[in-house]
Amino acid sequence: NKTWSYTFPGGFPGIYTDHKFRIRTMAFQGGTDETPAKIRTFFFDDAAPNLLVKAPDAAAGAVRTLVQLSGTALDAVAGGGVAASDVSGPTVKFRVELATNSAMVFSPGAGRFVDGAGDGDMLAVQSGVNFTTAPIGISNDSGWLQGFKYRVKLTGKDVAQNSADATDVQFRFDTHIPTGTMTAPFAGVSTMSTLALITGLVDDLDPNPSENGANGINPSGIDPVLASSGVQVSIQAQSGLDSGKYFTGDCVPSCWSSSEKWLSADVQSNANWDNVSQATWSYTSANLASALGDGVFYVVRARARDRAGNIQGVWNTVNSSSMTIAFDKTPPQAWLTFPGTGNPATGMTSSEAAYTPAGVNAQGIVGTAADGPVATAAGFKVVTDDDVDVELSYLLAGASQYWVSGAWTTTPGVTPVGVTGGTNWSFNTAAVTWVSDKQYTVRARSRDKAVNSSGGDLRNLSVYMSTITFVVDNTVPVASTTWPLDGRFLNAVSSITGTANGDLAGVSRVDVRLQ
């Protein structure tokens, strides 16, 4: 017997990968040929199969449960080919390592991670192109540790023994439920006049904060991409025409819907949450302030969802994940009751009232005030003496003079006073330097104690609703007799006449005395 061989110049042509070939061999000896020719067939395949990890999902980055590893292995036919050698099922294996320490490998025999585990390459169960494995420790989630990051590898060969490039997916295991809370509206905030922005914090528990992420142990974190809905807000009306309905955000076709609505907030966080367990968030809508009705109560809730899919489902007022807020958009009203006469509720002007300085100062300038709407009226601050603005003025040579901070000035200004007893207010005029024989104008407006979402003042201020004009006169009136003439002798007197001058205040009566 002789051996023979044929060498392909430059190697077997690669363009023929995934083709089936037939070899015909014949031996020749002189004039005698071997008959028949010997025939063999073979497949030529020098392309590696394609492997892909399907679970865990590469796009997720984190999971709250993973009870089975799965993937696909496909030996695709190359362009122009006719047949691939196919995947060798027994060579397809999964391997799970700690992402930060490849020596720590999941052992199916131990059901946990073991340093240098010898049985870490786990044979997969094949079903067509699909491969799975679920040993104890994975099938019941008991082998995964909170906050750890893992690497799942999938390896394999085809029948031609072409090895696929190892494909792997990294993920973090996290079952802790994150919490979204609100910082504005502020906890315990009283009645608000408007709300255009809701802000808060979102927490995702760090399972091992003391190691500061040194071993890759971190929460899965909240995705900062708005579309991921890492934090959502719900606003539900509790009264009014839309009671029970939810704010829709875009107000298309309506601002309120009977179906529950969760609106995505913007999360201000880093990308990977390494050594971080808290971030801020905010929600706003161009329609929010106008959609919230006057005199209406609302429940606002925040909920969080981390990258592992854990979602908040419990809310309470203790941590400000839920709160009830009320709106008062109506300015209060203020009326004058003294000095002057007429109907202060309609702001009727009276030029008939006239007083001496002492007459005005005996009561001061007084009035009443009220706030609405009834259900959610913010009311008055009372203690700050600025619930009502009193504007006191008179004309001097055509220019208005205003009583401001203890002096008359041409610069418009007011004297603020507080509401007492819920509805009453007064301006002590004892310090006012009244200019005699002048007509004074007094106006009043009021403000409530409504606040903004952070608890700061954002008070509703009314227009001047009540105006009264009165005269202050400290000059003694003068009366004189025109008939009878002084020193005359008369045999009959039918009347006594004369004149009287009281300037602006006028004369209320003249007393005549005969003796």
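None of these values were measured; they are calculated from a predicted model.

Chemist: Hey, could you run me through the environment of Ser 142 in this one?
Modeler: Along the chain, the position of Ser 142 falls in the loop between strand S13 (130-133) and strand S14 (149-158). Of note is the side chain of Ser 142, whose polar atom sits 2.7 Å from the side chain of Asn 140.

Chemist: Would you explain a nonpolar patch on the surface in this entry?
Modeler: A cluster of nonpolar side chains, namely Trp 483, Leu 485, Leu 490, Val 493, Ile 496, Val 512 and Leu 514, defines an oily patch on the protein surface of about 660 Å² accessible area. Summarising the element assignment, Val 493 is placed in the loop between strand S37 (478-483) and strand S38 (497-501).

Chemist: I would appreciate a short explanation of the packing of aromatic side chains in the present structure.
Modeler: Using the criterion set out here, one finds 23 aromatic pairs in the structure. Residues Tyr 6 and Phe 8 carry aromatic rings whose centres are separated by 5.1 Å and whose planes lie at 85 degrees to one another, so their mutual orientation is edge-to-face. Taking relative accessible area as the criterion, Phe 8 reaches 40% and is therefore assigned partly exposed. Members of the aromatic cluster, each reached through a chain of ring pairs, are Phe 338, Tyr 355, Tyr 394, Trp 403, Trp 408, Trp 434, Tyr 440 and Phe 470. Over the face of the ring belonging to Trp 315 we find Arg 301, whose NZ or CZ atom lies 4.6 Å from the ring centre. A cation sits over an aromatic face here: Arg 443 above Tyr 464, 3.9 Å from the ring centre.

Chemist: How should I be thinking about the environment of Pro 331 in this particular structure?
Modeler: With respect to the helices, strands and loops of the structure, Pro 331 is situated in the loop between strand S25 (322-326) and strand S26 (333-338). For the pair Pro 331 and Ser 393, spaced 62 residues apart in sequence, the C-alpha separation works out to 24 Å. When residues no more than four places from it in sequence are discounted, the contact partners of Pro 331 are Asp 371, Asn 460, Leu 461 and Ser 462.

Chemist: Where do I start with the state of the cysteines in this structure?
Modeler: Simply put, disulfide is the name for a covalent bond between the sulfur atoms of two cysteines. Considering all chains together, one arrives at one disulfide under this definition. Across the disulfide from Cys 251 sits Cys 255; the S-S distance is 1.9 Å. For the disulfide bridge between Cys 251 and Cys 255, the dihedral angle about the S-S bond is near 105 degrees, and by the sign convention the bridge is right-handed. Under the relative-accessibility criterion, Cys 251 is labelled buried at 15%.

Chemist: I would appreciate a short explanation of the pattern of salt bridges in the present structure.
Modeler: Side-chain pairs of opposite charge can arise whenever the charged atoms involved come near each other. Summed over all chains, the structure comprises eleven salt bridges. Measuring nitrogen to oxygen at the nearest pair gives 2.8 Å for the salt bridge that ties Glu 260 to Arg 301. Here the residue Glu 260 occupies a position in the loop between strand S20 (256-257) and strand S21 (263-264), and Arg 301 occupies one in strand S24 (residues 297-304), the gap between them amounting to 41 residues. As a salt-bridge pair, Arg 459 and Asp 386 come within 2.9 Å of each other at their nearest N and O atoms. With a gap of 73 residues between them, Arg 459 in the loop between strand S35 (438-446) and strand S36 (466-472) and Asp 386 in the loop between strand S28 (365-370) and strand S29 (388-396) connect regions that are remote in the sequence.

Chemist: Just to check I follow, could you spell out the side chain of Asp 306 for this structure?
Modeler: Topologically, Asp 306 is positioned in the loop between S24 and S25. It turns out Asp 306 is buried and unbridged, and the closest side chain with the opposite charge, Arg 64, is 6.6 Å from it. Here the side chain of Asp 306 touches Ala 308 through a polar contact of 3.0 Å, landing on its backbone nitrogen. In terms of polar contacts, Asp 306 uses its side chain to reach the backbone amide nitrogen of Asn 310, at 2.9 Å. Dropping the residues within four chain positions of it, Asp 306 is found in contact with Asp 174, His 176, Pro 178, Asp 204, Ser 220, Gly 221 and Ile 222.

Chemist: Help me understand the pairing of strand S17 (residues 197-203) in this model?
Modeler: Looking along a regular strand, one sees side chains alternate from face to face of the sheet. Pairing of strand S16 (residues 179-184) with S17 involves five bridges; the strand directions are antiparallel. Directly across from Thr 179, in S17, lies its bridge partner Asp 203.

Chemist: Even after reading the chapter, I still don't get the sheet that holds S28, so can you show me in this structure?
Modeler: If you walk across this open sheet you meet the four strands as S26-S28-S34-S33, and the pairing is antiparallel. For this open sheet the edge positions go to S26 and strand S33 (419-420), each flanked by a neighbour on one side alone. For S33 and strand S34 (residues 424-427), the ladder comprises two bridges, and the chain directions are antiparallel. Bridge pairing links Val 419 to Trp 425 in S34.

Chemist: So what exactly am I meant to see when it comes to the layout of surface pockets here?
Modeler: Any empty space left between atoms is shown by rolling a water-sized probe over those atoms. Considered as a void within the structure, the largest pocket measures approximately 370 Å³ in volume. Taken together, Lys 2, Trp 4, Ile 23, Thr 25, Met 26, Ala 27, Phe 28, Glu 34, Lys 38, Ile 39 and Arg 40 make up the full set of residues lining the largest pocket. Residue assignment for the lining of the largest pocket shows that the elements contributing at least two residues are strand S1 (19-25) and strand S4 (38-44). The greatest single-element share of the lining of the largest pocket, amounting to three residues, is contributed by S4. Here the residues of the lining of the largest pocket are counted per class, giving six nonpolar, one polar and four charged.

Criteria and thresholds
Residues numbered from 1 in each chain as written. Predicted model: local features only at pLDDT ≥ 70, side-chain atom pairs only at ≥ 80, totals over all residues. Heavy atoms only, no water. Helix = DSSP H or I, 4+ residues; strand = E, 2+ residues; numbered from the N terminus. Polar contact = N/O pair within 3.5 Å; in protein donor to acceptor, adjacent residues only side chain to side chain. Patch = residues over 30% accessible without salt bridge, like charges linked within 9 Å, V, L, I, M, F, W, Y side chains within 5 Å. Areas by Shrake-Rupley, 256 points an atom, 1.4 Å probe, with all protein chains shown as cover. Salt bridge = Lys/Arg side-chain N within 4 Å of Asp/Glu carboxyl O. Phe/Tyr/Trp six-rings, centres within 6.5 Å; stacked < 30°, edge-to-face > 60°. Buried < 20%, exposed > 50% of the residue type's maximum accessible area, 1.4 Å probe, protein only. Lys NZ or Arg CZ within 6 Å of the ring centre and 35° of its normal. Contact = heavy atoms within 4.5 Å. Disulfide = S-S within 2.5 Å. Lys, Arg positive; Asp, Glu negative; His and termini not counted. Pairing = 2+ DSSP bridges. 1 Å grid on protein atoms, 1.4 Å probe; cavity = no way out; pocket = protein on both sides within 12 Å on 5 of 7 lines; lining within 4 Å. Points joined across faces, edges and corners; volume = space filled by probe spheres on them. Nonpolar A, V, L, I, M, F, W, Y, C, P; charged D, E, K, R; others polar.

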